Each structure stands twice: as structure tokens, then as C-alpha cells.
Amino acid sequence: MNTEQNLLKQARQFNVEALAEIYDSYSPGIFRYAMRFLSDEILAEECVAETFHRLLQAFKNRKGPEEHLQAYIYRIAHNWITDHFRRTPNQPSILSEYHEIPVESTEGDTFRKVELEAIQVALHSLTEDQRQVIILKYIQGLSNEEISKILRKPIGAVKALQSRGLEALRRRMHEKEIKE
Amino acid sequence: MKYEPKDSELIEALGQLREVPERNIARAAEGRRIFLEEARNIRNSVSNRHDPRLKKWISISLFRKEPIKMPTFAVILLIVALVFGSTGATVAAAQSSLPDDALYPVKLLTEDARLGIAGNDEAGLQLALEFSSRRALEIQKMAQIGKEPPISVLARYQNQLEQVVRLAQKMPDDSSAIAVMIQVRQQIMEQDRIMAQTPNNQAEGTIKRVREMLQNQLQVIELGLEDPTQFRQQARMKIQIQTMTISPQQPTNSSQQPPRQTIGAGNPWTTGTPTPGSGYGPGTNDCAGCTPTKVGNGGNNPWTTGTPTPGSSYGPGPGSNPSATPGTGAGPGPQPTVKPGGQNGNPTQPGQIATKSSPQNPTQAPPQPTQGKGGGKP
């Protein structure tokens, strides 16, 4: 029995040490993932808390993952974020204040700011699946296999989504350059 | 890769978005504490032995893969309980109903059923006595709420009391008859006391009639207590008369029918038991003007004389063959019976012949009564 399965077995028995290990391993990544969508520390913390609360409820109801715990946790978090945007559809996603450039910025900083804004706008124009794959792959840093487990899609479908997502991003940014 | 350079630029640009502010340590610690606290609470509230408990419930639930084979007797018992369980509840609820309630017919049906399955006369008497007490209480309750009891309830009340008297007459010996009559007298007096206490502003006439009826029945019982032998003998006479009336092979000689001559002739057991308002009561024993029924002749029946239907063999017999079978045309003609309510007759049983009664109102109407000597309607 590998480490993750052993950890999950103990977590199902509500072993506090096992659960603490899970929390410490995955909560920072979930926080960052939520921050990239929500751009709000409080909301991101709320997302983390709700994600791990749902995990406990799943264990309590004799459900939850037998393996691939990380994918399971990311899926919970993403569902929570999706629900959040459905509840408050006017909230901006991706565009974040923490990418604001300080007042005493250089020319390079200004160029970086414009580029980041263009990427964020382009990301916002993607389909939900494309956006999620791009964020998980290039921002969150997960592998295709992990993403396929989170999205419950074959790896080939994940790669296709990445390809089409990047192409859409490039096209959007090229269109922006022409306009400017 | 076709878009490798540009994709590399994009990926590099996307990588810049990885930068997020550091997580607040205090908030992170608080979130961790809450998470572990919740885990401890769940662990303490729910035992870890889920599986055995779950399997135990599954084992006793109906949703098993292979349900327990129920014994045949248990199946029958279950069906009986399902079918009659609700009926039993309805019957129980009906026992406190009043005549204007929807469940009252159920109550009466229950009473009839109990009387029908009574093992012997004494058991039937006890039941009839109990049911008569119910009628008294029903009348009282209806009067208390300002309603007049239906006539059908009064009729049933009277029938039950008469049934009590009849069954008391059937007791096997004098001592048991006396014991029963004492009990009946006590019950009737109790019912009369209930009626006396009943407010009669709405049902004054009804209460009065009920009390008269109770007094009449009480009088019969008092007479029975004075001479229990004759009281019981009267029942035997009635049974004998009924048997003679029913049997078509009975002798037609009038000299062999002394009981017929006594019915309606001032019978002491029926003298005091009229139905109030029904015209039912003792005969006047003054039947000089009546047209007597000539039993055994068959030639003087006013409803059949002279009205034969061709080919039907219906008509006056020759009157000379007393042993002939009625209906053959050679024996006695049908005897008219008198309905309760006749002026002179005093039949104590419906359908009982009234040998000294007026032939008015014959129950068997002839096809073409052309000579109505009795003056009654055919």
C-alpha cells in the first residue's frame, strides 16, 4: 500500500495526524489556485475552508477518494469557485489587484503590467474548460495526468484543451496588438 | 511544434501570473485549527465501526437481496391483520356513535352480528338487554344536544326489549326465568330512570312514548315474576302456534286447534304490550260482527270464492276432504292473515294467523276479489 492510500485510510478513520498532513500538503496550493480565480484573500481562505470541510463530510458519509487525493481536492475547490461565480456573476475573475505595478515603476515594469493585463483579459475569453486547463497547467504547475484526474478527462482531451486554449490566447493577444 | 516559439512566450507570460501574495499565516493557522477541530468532533460523534452497524441494519431491513421466506401462517396472519385491522378500528370507533353519525350503521351491524352468533338464549338475552341500554343512552344523548331520535331507533329499542322478554320466556326452568326477569326488571327500571332524567324540551313526545313502552315491558315482567310457569308456557304456546301455521300438513279440524282460539282473546301476556301509536294491541274479544275464517273448509273464503282463474286450480275446494293438500283445489283455501294494526286481531308475531280476527287486510291479495265481505281492502 503506497503512502497516499495509507494516508487516505487513516484520514477516513479521522486520524488527526493524517488529516493534518493532508491539510498541510494541499491547502497552500488550493489557496493559490483560489487566489488566481478570486483575487481575494478572504474568499480564497473561504474556498480552502469549504474544500476541506467537504472532504471531511465525504469521509463521514463513507465516500471520498480511494486514490488521487490531490485531484479530488482540486475538483472540490474548482466546483466551489464555479458556484461562487454563479452566485456573483459580475465579479471579475483572474484580473487581480496584486498584479498592480507600484507607482515608482520602471519602463520594464510598465510593459510587464500591460502584458499581464492582456493575458488576463485573454484568459477570461477562453471557455471554462480551456481556462481551467491553462491555469492548472501553466500557472498552477500540475502535470497533464493530474489535470486529467481533476477534470475526469482523458489525457488526450486535456492536451487538446491546452492546445486550443493557447491558440485562442495567442489569437486574442495578437488581435489586441493590431488594435493598438 | 508549430506554435512553439509563440507558445513559449505565452507560457512565460502565464508564468508571471503564478505570483500571488503570501498566505496570511494567522488565517492559515486558524483554518487548519478549525479543520482539525471539525475532524475531532466527527470522530467523537460517530463511532468508527460503521460497517458492522450498517450490515446489521441491512440484515434486518426489507431491502435484502434474498428476503426472508415468510412462513405461510405468518402470511395469512399478516393478510388478516391488514384486511381486518382497519375494519376493527372502524368498528371500535363506531361504538360511541349516535344515530345521526355516519358510523352508526356500523354500530347496528355489529350488534346484529353479535346477536347472530350468540351461543344460547341467555347469551342473546344479555346482549339484547345491553343493546337496549345503549338505545336508552343514545336517546338521552340526542335529547341533551337538542335532537330528536329517529323513529328507527325507537323501533329498534322496542324490538330489543321485546326480544328480551321473548328470550326470558324461553328459559329452561322457573328459577332461571325468575333470575333473568329480575335482572331485566332492574335494567328496564334503570332505563326508565335515564329517560326520566333526560331533558325533554326538544323530544318531549319521544321521551313520553319511550317511557310508556318501558312501563309496558315492565308490566309484562312483573306478571312473569308473579307466575313464571305461565310466563314460560306462553312461549311454548307461541312456538307451537308458529309450527302449526308453517306446516302445510297440519290437521284442519278446528277442534284440534285450541291455541288458535286463545290468540287475541284477551291474552294476559300480550295485553299490556302494545306498540305506542301503532294500533297494535289487545283485541276487544268482541268479534261477533267479524267474518270468521272457516278453517278446513276452504269453501267460504271471501277472497277466493267465485274467482277462480281458469286452469289454475285456484278456487274453492269441495270442503269434504280435510286431509287434502292445500293448493290442489280440493283442500282448504288460503287463509287470510291480519296485519298488525287490525282492530280485533292480536297477533304477537308477524305472519301469525289470526283465527278470531277480522279478515280485513289480507296479506295475500287475491287476483280479483269481487266479494269483499270483510269490508277491508283486498
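All figures in this text were calculated on a predicted structure; none of them were measured in a lab. (Residues numbered from 1 in each chain as written. Chains lettered and ligands numbered in written order. Predicted model: local features only at pLDDT ≥ 70, side-chain atom pairs only at ≥ 80, totals over all residues.)

Visitor: Hey, could you go over the overall build of chain A for me, with residue numbers and the actual values?
Guide: Helix and strand counts for chain A come out as eight helices and zero strands. Counting from the amino terminus, chain A carries its helices and strands in the arrangement α-α-α-α-α-α-α-α. If you take every contact in chain A between residues at least 6 apart in sequence, the share linking residues at least 24 apart comes to 59%. (Helix = DSSP H or I, 4+ residues; strand = E, 2+ residues; numbered from the N terminus. Contact = placed C-beta atoms within 7 Å.)

Visitor: Describe the overall build of chain B, and please don't skip the residues or the numbers.
Guide: Counting its regular elements, chain B contains 12 helices and zero strands. Going through the 378 residues of chain B one by one, you find that 26% of them count as buried. (Buried ≥ 20, exposed ≤ 12 C-beta atoms within 10 Å, placed from the backbone.)

Visitor: Can you explain the interface of chain B and chain A? Please cite residues and give values.
Guide: With 29 residues of chain B at the interface, the matching set in chain A holds 33 residues. Ranked by the residues each element gives to the side of chain B that touches chain A, the list is headed by helix H2 (residues 25-45) of chain B, at 11 residues. The class makeup of the residues in the side of chain B that touches chain A is 14 nonpolar, six polar and nine charged. (Nonpolar A, V, L, I, M, F, W, Y, C, P; charged D, E, K, R; others polar.)

Visitor: Lay out the nonpolar core in plain terms, naming residues and giving numbers.
Guide: Residues A:Ile30, A:Ala34, A:Cys47, A:Val48, A:Ile73 and A:Ala77 are the most contacted members of the largest nonpolar core, which totals 53 residues. The element best represented in this core is helix H2 (residues 16-38) of chain A, accounting for 11 residues. Beyond its immediate stretch of four places on either side in the chain, A:Ile30 contacts A:Cys47, A:Val48, A:Thr51, A:Ile73 and A:Ala77. By size, the runner-up hydrophobic cluster in this structure holds 32 residues, among which are B:Leu129, B:Ala136, B:Val164 and B:Met181. (Core = buried A, V, L, I, M, F, W, Y, C linked by C-beta atoms within 7 Å.)

Visitor: Quick rundown of the environment of B:Arg135? Include the residues and the values.
Guide: Residues and elements named next belong to chain B. Note that Arg135 resides in helix H6 (residues 121-144). Overall, the presence of 23 C-beta atoms within 10 Å leaves Arg135 in the buried class. Sequence separation between Arg135 and Gln191 is 56 residues, and the spatial gap between their C-alpha atoms is 9.2 Å. Once residues within four sequence positions are removed from consideration, Arg135 is found in contact with Val153, Arg156, Tyr157 and Gln160.

Visitor: An account of the confidence of the model for chain B is requested, with residue identities and associated values reported.
Guide: Residues and elements named next belong to chain B. In this model, chain B carries a mean pLDDT of 67, and residues with pLDDT of at least 70 account for 52%. Here helix H11 (residues 258-262) is the element of chain B with the lowest mean pLDDT, 44, and H2 is the one with the highest, 90. The low-confidence segment residues 249-378 (pLDDT under 50) makes 205 contacts with residues lying over four places distant or belonging to another chain. Predicted complex, confidence summary: ipTM 0.81, pTM 0.40. (pLDDT = per-residue confidence, 0-100.)

Visitor: So, helix H4 (residues 69-87) of chain A: which residues are in play, and what are the values?
Guide: Residues and elements named next belong to chain A. The first and last C-alpha atoms of H4 sit 27 Å apart over 19 residues, in line with the 27 Å expected at 1.5 Å per residue. When we look at burial in H4, the residues that qualify are Leu69, Tyr72, Ile73, Tyr74, Ile76, Ala77, His78, Trp80, Ile81 and His84. Taken together, the buried residues of H4 touch helix H1 (3-12), H2, helix H3 (41-60), helix H6 (128-139) and helix H7 (144-151). (Expected span 1.5 Å × (residues − 1).)

Visitor: Can you lay out helix H7 (residues 151-169) of chain B for me, pointing to particular residues and giving the numbers?
Guide: The first and last C-alpha atoms of H7(B) sit 27 Å apart over 19 residues, in line with the 27 Å expected at 1.5 Å per residue. Buried residues of H7(B): B:Val153, B:Leu154, B:Arg156, B:Tyr157, B:Gln158, B:Gln160, B:Leu161, B:Val164, B:Val165, B:Leu167, B:Ala168 and B:Gln169, and no others.

Visitor: Please provide a residue-by-residue account of the packing of H2(A) against H3(A), values included.
Guide: All names here are of chain A. Viewed as axis vectors pointing N to C, H2 and H3 meet at an angle of 135°, and their least axial separation amounts to 8 Å. Judged on the interaxial angle alone, H3 and H2 are oblique. The chirality of how H2 crosses H3 is right-handed. Facing Tyr23, Ser27, Ile30, Phe31, Ala34, Met35 and Leu38 of H2, the residues of H3 in contact are Leu43, Ala44, Glu45, Cys47, Val48, Thr51 and Phe52. (Axes fitted to C-alpha atoms, helices over the stretch in contact; angles between N-to-C directions. Parallel < 35°, antiparallel > 145°, perpendicular 65-115°, else oblique. Left-handed = near helix turned anticlockwise from the far one by under 90°.)

Visitor: Which residues make up unusual backbone geometry, and what are the values?
Guide: Excluding glycine, a negative phi dihedral is what most residues carry, and trans is how most peptide bonds are arranged. All names here are of chain A. In this structure, Arg62 is a non-glycine residue whose phi angle is positive, near 60°. Inspection of the secondary structure puts Arg62 in the loop between H3 and H4. Look at Arg62 and you get exposed, because 10 C-beta atoms sit within 10 Å. Even without being a glycine, Arg152 presents a positive backbone phi close to 55°. Within the secondary structure, Arg152 is located in the loop between H7 and helix H8 (155-179). Accessibility expressed as a C-beta count within 10 Å gives 9 for Arg152, which makes it exposed.

Visitor: Tell me about the confidence of the model for chain A, and please be specific about residues and values.
Guide: Residue and element names in this part refer to chain A. When the pLDDT values of chain A are averaged, the result is 83; 84% of them are 70 or greater. Within chain A, the element-level pLDDT minimum falls on helix H5 (residues 107-124), averaging 74, and the maximum on H3, averaging 93. A low-confidence stretch, residues 95-103 (pLDDT under 50), is modelled with 10 contacts involving residues beyond four sequence positions or located in other chains.

Visitor: So, the packing of H3(A) against H2(B): which residues are in play, and what are the values?
Guide: Running from amino to carboxyl end, H3(A) crosses H2(B) at an angle of 15°, the nearest separation of the two axes being 10 Å. On the basis of their axis angle, the class for H3(A) and H2(B) is roughly parallel. You can see that H3(A) and H2(B) cross each other, and the crossing is right-handed. Within the contact between the two elements, H3(A) uses A:Glu45, A:Val48, A:Ala49, A:Phe52, A:His53, A:Leu56 and A:Lys60 and H2(B) uses B:Arg27, B:Gly31, B:Ile34, B:Phe35, B:Glu38, B:Ala39 and B:Ile42. Among the residues making up the contact of H3(A) with H2(B), the classes are represented as eight nonpolar, two polar and four charged.

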